[in-house]
Amino acid sequence: NYLINNTYFIYKYRRLLFLPFFLSYVLVVVGNSLLLSVIRNTESLHSPMYILVSALAVVDIIVPTAIIPAMLLSFLFDLNEISLTGCLTQMFVTHFFSSVESTILLTMALDRFVAICKPLHYTEIMNSSMFLKVFLFTLIRSGTIMFTLVALAAPLSFCESNVIHHCYCDHMALVSLACDSISKNNAMGLVVIICFVGIDISVIFFSYVKILHVVLGAAAGEDRWKAFHTYGTHLMVMMCFYFVGSITFLSRNLNIPIPVDVNTFLGVMYIVFPASVNPIIYGVRTKEIRNALLKMFKTNINRVSIVKVSTIKI
């Protein structure tokens, strides 16, 4: 069995860290579940953009669930052991769905690009056939790369330390313990960065620059500021997701001297932060979803009021 070592600082203050991480996990699950419920129950939101937002919400529940409950148990009861099979499974789930999130963000950027820059061709381009192609592309790209990542790690010999210096089974945190050559593993780590950062972020950045150019050129005054604030915020959150993910993934590959505590914290924030803020960025701050959410709450309040009145009459 392997020990998930939460590093000195995190281990020392693990009891205090339980509450913020527990609250963060509750926020992630409740926020994304509420977003899914609003979109599912509002017929006007059954459009390509909000289908992508729903997919993002599902991924934002799955990835934290793969690591945070185990972390919380570790903080409270020092349950740090994990088998190699369990470690590889956690690694695959975490990295696979994180890569799926990258593809969703890429598709969302392209959806907004087509809607704003080529509105007359939107229904022609963003149709069910397009979504099927994106789905197959996601399965093939993420599945192939992440399966290879795990397949290269599985046969390695771990003959020295069995302590993983991370809060979960990160690829390089495990691979760095191996006694065998890990040149193939390092190379595969670079492939991940090239595919999901080099390519995806370049397309996303280009799309948002074009979107901002068109919107800022057409809008005026307050509308221009709102457009810049909205799309600028989207881009900043995406950049944070990719930048922090790249640092944690490449730090060991490139021997970047980052303190273990800092690297571990960044690795957890890479998972938790986007999942916490995405329901706000793509949900509450979106007018259509905000209106649907308010309508849903008003409907539920009216139902409760009717039940109370009926009870009083009886």
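On a predicted model such as this, the values are computed, not experimentally measured, just so you know.

How each quantity is defined
Here the residue numbers are simple positions, counted from 1 along each chain's written sequence. Local features in this predicted model are restricted to residues whose pLDDT is 70 or higher, and side-chain atom pairs enter the listing and the counts only when it is 80 or higher, whereas totals over whole chains, interfaces and linings include all residues. Calculation of side-chain values draws on the structure's entire complement of heavy atoms; hydrogens and water are dropped beforehand. UniProt positions are given in the numbering used here, feature names are shortened, and annotations may be inferred rather than shown by experiment. A run of H or I in DSSP becomes a helix once it reaches four residues, and a run of E becomes a strand once it reaches two; helices and strands are each numbered from the N terminus. Count a disulfide wherever a pair of cysteine sulfur atoms falls within 2.5 Å. Partly exposed describes any residue whose relative accessible area lies between the buried limit of under 20% and the exposed limit of over 50%, with all areas from a 1.4 Å probe on protein chains only and scaled to the type maximum. Between the rings of Phe, Tyr and Trp (Trp by its six-membered ring), a pair exists once the centres lie within 6.5 Å; its type follows the angle of the planes, with under 30 degrees stacked, over 60 edge-to-face, and the other angles tilted. The working definition used for a salt bridge is a side-chain nitrogen of Lys or Arg within 4 Å of a carboxyl oxygen of Asp or Glu. In this analysis an axis means a line fitted to C-alpha atoms, helices contributing only their contacting stretch, and an angle means the value between N-to-C directions, from 0 to 180 degrees. The labels follow the angle: roughly parallel below 35 degrees, roughly antiparallel above 145, roughly perpendicular from 65 to 115, and oblique for the rest. Crossings are classed by handedness, with left-handed meaning an anticlockwise turn of the near helix from the far one by less than a right angle and right-handed meaning a clockwise turn. We call two residues contacting when some pair of their heavy atoms lies within 4.5 Å. Amino acids outside the nonpolar list (Ala, Val, Leu, Ile, Met, Phe, Trp, Tyr, Cys, Pro) and the charged list (Asp, Glu, Lys, Arg) are all regarded as polar, and Gly is one of them. Expected span, for any helix, means 1.5 Å times one less than how many residues it has. Surface patches are drawn from residues lacking salt bridges whose relative accessible area is over 30%; two like charges belong together within 9 Å, two nonpolar side chains (Val, Leu, Ile, Met, Phe, Trp, Tyr) within 5 Å. Note on areas: these come from Shrake-Rupley sampling with a 1.4 Å probe, and a residue is covered only by the protein chains present in the view. Throughout this description, the term nonpolar core refers to a set of buried Ala, Val, Leu, Ile, Met, Phe, Trp, Tyr and Cys residues connected via side-chain atoms within 4.5 Å.

A. Representation of the UniProt feature "transmembrane region" (unreviewed entry) in the chain within the structure. Mapped onto this structure's residue numbering, the UniProt feature "transmembrane region" (unreviewed entry) falls at residues 16-38, 50-72, 92-110, 131-154, 187-209, 230-250 and 262-284. Regarding residues 92-110, the helix share stands at 100% and the strand share at 0%, and the terminal C-alpha atoms are separated by 27 Å. Between the end C-alpha atoms of residues 187-209 the distance is 31 Å, and the span holds 100% helix and 0% strand.

B. Structural context of the state of the cysteines. Enumeration according to the criterion identifies one disulfide in this entry. The partner cysteine of C87 in its disulfide is C169, sulfur to sulfur 2.0 Å. Its torsion about the S-S bond being -120°, the disulfide of C87 and C169 is classed as left-handed. With C87 in helix α4 (residues 84-117) and C169 in the loop between β3 (163-165) and α7 (171-175), this pair connects stretches of sequence that are 82 residues apart. One exposure class covers both C87 and C169, and it is buried.

C. The packing of aromatic side chains, seen in detail. Considering all chains together, one arrives at five aromatic pairs under this definition. Arranged with centres 5.4 Å apart and planes meeting at 15°, the rings of F92 and F96 form a pair that is stacked. In this pair, F92 and F96 both sit in helix α4, four residues apart, roughly one turn of the helix. Aromatic rings pair up to connect F92, F96 and F97 into one cluster.

D. Fine view of the pattern of salt bridges. Under the counting rule described, the total for this entry stands at two salt bridges. The closest approach of N and O atoms between R112 and D111, which form a salt bridge, is 2.8 Å. Here D200 makes a salt bridge to R141, at a shortest N to O gap of 2.9 Å. With D200 in helix α8 (residues 183-218) and R141 in helix α6 (residues 128-153), the pair connects residues that are 59 residues apart, well separated along the chain. Overall, the relative accessible area of 0% leaves D200 in the buried class.

E. Looking closely at the packing of α4 against α8. Where α4 contacts α8, the axes come no closer than 9 Å and their chain directions differ by 25°. Relative to α8, α4 is oriented roughly parallel. In the crossing of α4 with α8, the sense of the turn from one axis to the other is left-handed. Residues S99, S102, T103, L105, L106, A109, L110, R112, F113, I116 and C117 of α4 lie in contact with α8, whose contacting residues are F196, D200, V203, I204, S207, Y208, K210, I211, V214 and V215. Residue composition of the contact of α4 with α8, by class: 14 nonpolar, four polar and three charged.

F. Up close: helix α2 (residues 14-41). Under the 1.5 Å per step criterion, the end-to-end length of α2 is 40 Å for 28 residues, consistent within 8% with the ideal 40 Å. Listing the buried residues of α2 in full gives R14, L17, F18, F21, Y25, V28, G31, N32, L35, V38 and I39.

G. The arrangement of the environment of V114 in detail. Its place among the elements puts V114 in helix α4. A relative accessible area of 7% places V114 in the buried class. C-alpha of V114 to C-alpha of I125: the two residues are 11 residues apart in sequence and 7.9 Å apart in space. Residue contacts for V114: discarding those within four places in its chain leaves P119, H121, Y122, I125 and M126.

H. A nonpolar patch on the surface, seen in detail. Judged by side-chain polarity, L19, F22, L23, V26 and V30 come together as a nonpolar surface patch covering roughly 430 Å² of accessible area. Mapped onto the elements of the fold, V26 is located in helix α2. Using a relative accessible area of 34% as the deciding quantity, one classes V26 as partly exposed.

I. Focus on the environment of V197. Topologically, V197 is positioned in helix α8. According to the relative accessible area criterion, V197 is buried, its value standing at 19%. Here the alpha-carbon distance between V197 and S246, two residues 49 residues apart in the chain, equals 7.5 Å. Setting aside chain neighbours within four positions, we find V197 in contact with V192, S202, Y242 and S246.

J. Seen up close, the nonpolar core. With 66 residues, the main nonpolar core has V53, L105, M108, I204 and Y282 as its most contacted residues. Mapped by element, the contributors of at least two residues to this core are α2, α3 (48-77), α4, α6, α8, α9 (222-250), α10 (260-284) and α11 (287-313). Ranked by residues supplied to this core, first place goes to α3 with 13 residues. Among residues more than four places away in sequence, those in contact with Y282 are V53, L56, L105, M108, H234, M238 and I289. By size, the runner-up hydrophobic cluster in this structure holds 16 residues, among which are L156, I164, L177 and A178.

K. Representation of the environment of H213 within the structure. Take H213: it is sitting in helix α8. Exposure remark for H213: the relative accessible area of 60% places this residue in the exposed category. Distance from H213 to C117, taken between C-alpha atoms, is 9.5 Å for residues 96 residues apart in sequence.

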